[in-house]
Amino acid sequence: MNKILTYLSFPEMIVFWIILVVVLFLVGIIFYFVVSPWNLIGLIVGIILLIITFVFCLKNVIKYYQVLSERDQIKTVVSNFTDAIIGYDPNFKITIFNTTAENLFDVMATSILGKTISPEWAKNEKTKILTQVLFPSLAPSMVWRTDPAVFPNVMDLSFSDPVLEFTITTIRVTNAKGKILGFFKIIKDRTREEEILKSKSEFLTVAAHQMRTPLSGIKWGLETLLSEGNENLTDIQKDLLKKNLEATDKILRLANDLLDTVNIESGKFGYEFVQSDLLDLMSKLLEDYLSIAEQYDIKIYLEPPADGIPPFKFDPMRIRIVVQNLLENALRYNVKNGQIIIKVEKKSPYVEISISDTGIGIPKNELPKLFTKFYRGSNILKYETEGTGLGLYITKNIVEAHGGKIWAESIENRGTTIHFTLPMDEKLIPKRYSTSSPF
Ligand code: ATP
Ligand code: MG
C-alpha cells in the first residue's frame, strides 16, 4: 500500500490526475444535464477510462522506478569501487569519475565531469597523469597485456615522476547496433604492490649474493684440506670434512636457486643462445653423475637417436641446469637398485628428451602443482627433508624460454617420466628471450 502511495506521488502520474479531474468534471456535467440511463452510461465510461489511465501510468512509474534504482545501485558500486573508474564518450568527454579516481589523480569529479580531455592537458602538471592514462601513447612506458584491438583490453602503464604502476582495463560500450557510445577505464594502482615485490626480491638478491661469496670460500677451503692435507687426517676427520663439504654444497645450491628464482620473476634471467651439441652436453653431464648413481645403486642409461642430433641453438649453461635438476630428482626420488633412462628423440622441428625413473612417483592429484614454486610432494616429505621445491620451477621457466614444453607422467610407487622439448629451429625461440642480453 505504501509503495502504491509512493508511486502516486511520482510526476509520471500527472496524466492520471489530469484525466481524473476532466472525468469528474464531465461526469458532473452529464449528471446535471443528461437524463437516465445516459448519465449512468457516461459514469461507467468515465470509470473505465480512469482505470485504463491509472494502469497505464502505474506501469510506466514502476518501470521508471526500477531503472532509477538500478542506476543508483550501479552508481553506488562505481563510487565505492576500490579501483579508479573513468567513463568517457568517444570524444573523450568525461561522464564518470569515481571517488578512487579523485584520490588517485588528485582531481575533483566536479571539476572534470562534462569536460572534454585532449592531449594538450598533459602539459598541465595537475592533469598530466590523468591525460596520459586516457592517451596511453603519451605515457613514459606502456606494455600491452592483451591484444589492443580486442575489448576489454589490458595494459600496464608506468610513470617515473612520481613513481606509479597502473594496470588499466579498457571496456568499450556499444549499443545494439554496434555504435560506440563510450569507454570505461578501470585503473588498478599497483604501485605499493610493486614496491613490496621489488624490495622483497632486492632483499633476497642481496642475502643470496652475500651468502655465496663466503660459502664459496668455505667450499674451496674444505676441498683443499681434503685433497692436499689428506695423509695427515684421520678417517673421522676426513668423514667430517666430507659431510661439511656436502652441507656447503647444499647451501650454495639453495643460494643459487633463490637467485635464479628472483631473476626469473624480475625478468633478469638472461639467456645466451649458441649453436651447441645437446648429446655431447648430456653425455658429459652423465659422467659427473655416474659415481653418485653408483652410491645409490642406480643404473643410468642414455638412449640417443641412431642418427644423432645435429647442433642447434640453445643456451648450454641453462639446459645443463635443466638436465641436472631432472637427473637429481630421478636419483633422489628413486629406489635402491632402481634405474633411470634418458631418451632423446627427434620430433621435428623439436627434440624431445624424456627422463624416466623407477622411483616413488608423484601423487596424481598433485601433478598440476609439480612445476610451481616451492611444491614438494606429500609422499616424500616424511623421509626426504632436503630440497626447496624450486628445481622444477626454474627448469620449466628455462624450457619455456627456449620455446619448448615440459610435462610429467607418473604412477605412485612405480616411477615418473618428465618430458621436455626444445626447438631445433631458432625461429621458434620466443623473441624476448632470444634477443635478451646474457646475464
Ligand atoms: P630442489 O629445489 O632442491 O630441486 P626439490 O627436488 O624438492 O628441491 P623440485 O625439483 O622442484 O624440488 O621437485 C619438486 C617436488 O616434485 C619434489 O619435492 C618431489 O616431491 C617431486 N618430484 C620431482 N621429481 C620427482 C621424481 N622424479 N619422482 C618423484 N617425485 C618427484
Ligand atoms: Mg629437485
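Values in this document were obtained by computation on a predicted structure and should not be read as measured data.

K.L.:
What should I look at first to understand the overall build of the chain in this one?
P.N.:
The secondary structure content of the chain amounts to 12 helices and 13 strands. In terms of C-alpha radius of gyration, the chain reaches 37 Å, well past the compact-globule figure of 22 Å for 439 residues. When its C-alpha atoms are laid out on the principal axes, the chain stretches across 135 × 55 × 45 Å. Within the span of the chain, comprising 439 residues, buried residues form 37% of the whole. Here the contacts in the chain between residues at least 6 apart in sequence split such that 57% fall between residues at least 24 apart. Surface accessibility of the chain: about 26300 Å² in total, with carbon and sulfur atoms responsible for 61%. Both charge centroids of the chain, one from 49 positive and one from 50 negative side chains, sit 8 Å from each other.

K.L.:
What is the right way to read the sheet that holds strand E5 (residues 163-174) from this model?
P.N.:
The strands that make up a sheet are held in pairs by hydrogen bonds between backbone atoms, and each pair lies either parallel or antiparallel. Pairing is antiparallel in the open sheet, where 6 strands are placed in the order E2-E1-E6-E5-E4-E3. Each edge of the sheet is formed by a strand with only one pairing partner; in this case those strands are strand E2 (94-97) and strand E3 (141-144). Across the sheet, the mean angle from the axis of one strand to that of its neighbour is 20°, orientation sign disregarded. With 5 bridges joining them, strand E1 (residues 84-88) and strand E6 (residues 180-189) adopt antiparallel strand pairing. Of the residues in E6, the one forming a bridge with tyrosine 88 is phenylalanine 183. Lying over the sheet, helix H7 (residues 191-228) contacts E5 and E6, oriented at roughly 140° with respect to E5.

K.L.:
I keep staring at the site of ligand 1 and nothing clicks. Help me out?
P.N.:
Among the 20 residues in the neighbourhood of ligand 1, the closest are listed as Tyr333, Arg376, Gly377, Thr388 and Leu392. In this structure, asparagine 329 approaches ligand 1 through a side-chain N or O atom, which is 2.8 Å from an oxygen atom. In this structure, a nitrogen atom belonging to ligand 1 sits 3.3 Å away from a side-chain N or O atom of threonine 416. Protein chains shield 97% of the accessible area of ligand 1, which is 590 Å² for the free molecule. Counting residues per element, the ones that place at least two in the shell around ligand 1 are helix H8 (235-265), helix H10 (316-332) and helix H11 (391-401).

K.L.:
Would you explain the packing of aromatic side chains in this entry?
P.N.:
Aromatic ring pairs are described here by two measures, namely the spacing of the ring centres and the angle between the planes. Under the definition given, this model contains 16 aromatic pairs. With a centroid separation of 5.0 Å and 45° between ring planes, the pair formed by phenylalanine 312 and phenylalanine 314 is classed as tilted. Relative accessible area serves as the criterion here: at 2%, phenylalanine 312 is assigned to the buried category. Residue phenylalanine 314 is classed as buried on the basis of its relative accessible area of 0%. The side chain of arginine 318 reaches across the aromatic face of phenylalanine 269, ending 3.7 Å from its centre. A cation over an aromatic ring shows up here: lysine 373 above the ring of tyrosine 393, its NZ or CZ 5.8 Å from the ring centre.

Reading the values: rules and limits
- Residues numbered from 1 in each chain as written.
- Chains lettered and ligands numbered in written order.
- Predicted model: local features only at pLDDT ≥ 70, side-chain atom pairs only at ≥ 80, totals over all residues.
- Heavy atoms only, no water.
- Helix = DSSP H or I, 4+ residues; strand = E, 2+ residues; numbered from the N terminus.
- Rg over C-alpha atoms; globule rule 2.2 N^0.38 Å.
- Buried < 20%, exposed > 50% of the residue type's maximum accessible area, 1.4 Å probe, protein only.
- Contact = heavy atoms within 4.5 Å.
- Areas by Shrake-Rupley, 256 points an atom, 1.4 Å probe, with all protein chains shown as cover.
- Lys, Arg positive; Asp, Glu negative; His and termini not counted.
- Charge placed at Lys NZ, Arg CZ, Asp CG, Glu CD.
- Pairing = 2+ DSSP bridges.
- Axes fitted to C-alpha atoms, helices over the stretch in contact; angles between N-to-C directions.
- Near = heavy atom within 4 Å.
- Polar contact = N/O pair within 3.5 Å; in protein donor to acceptor, adjacent residues only side chain to side chain.
- Phe/Tyr/Trp six-rings, centres within 6.5 Å; stacked < 30°, edge-to-face > 60°.
- Lys NZ or Arg CZ within 6 Å of the ring centre and 35° of its normal.

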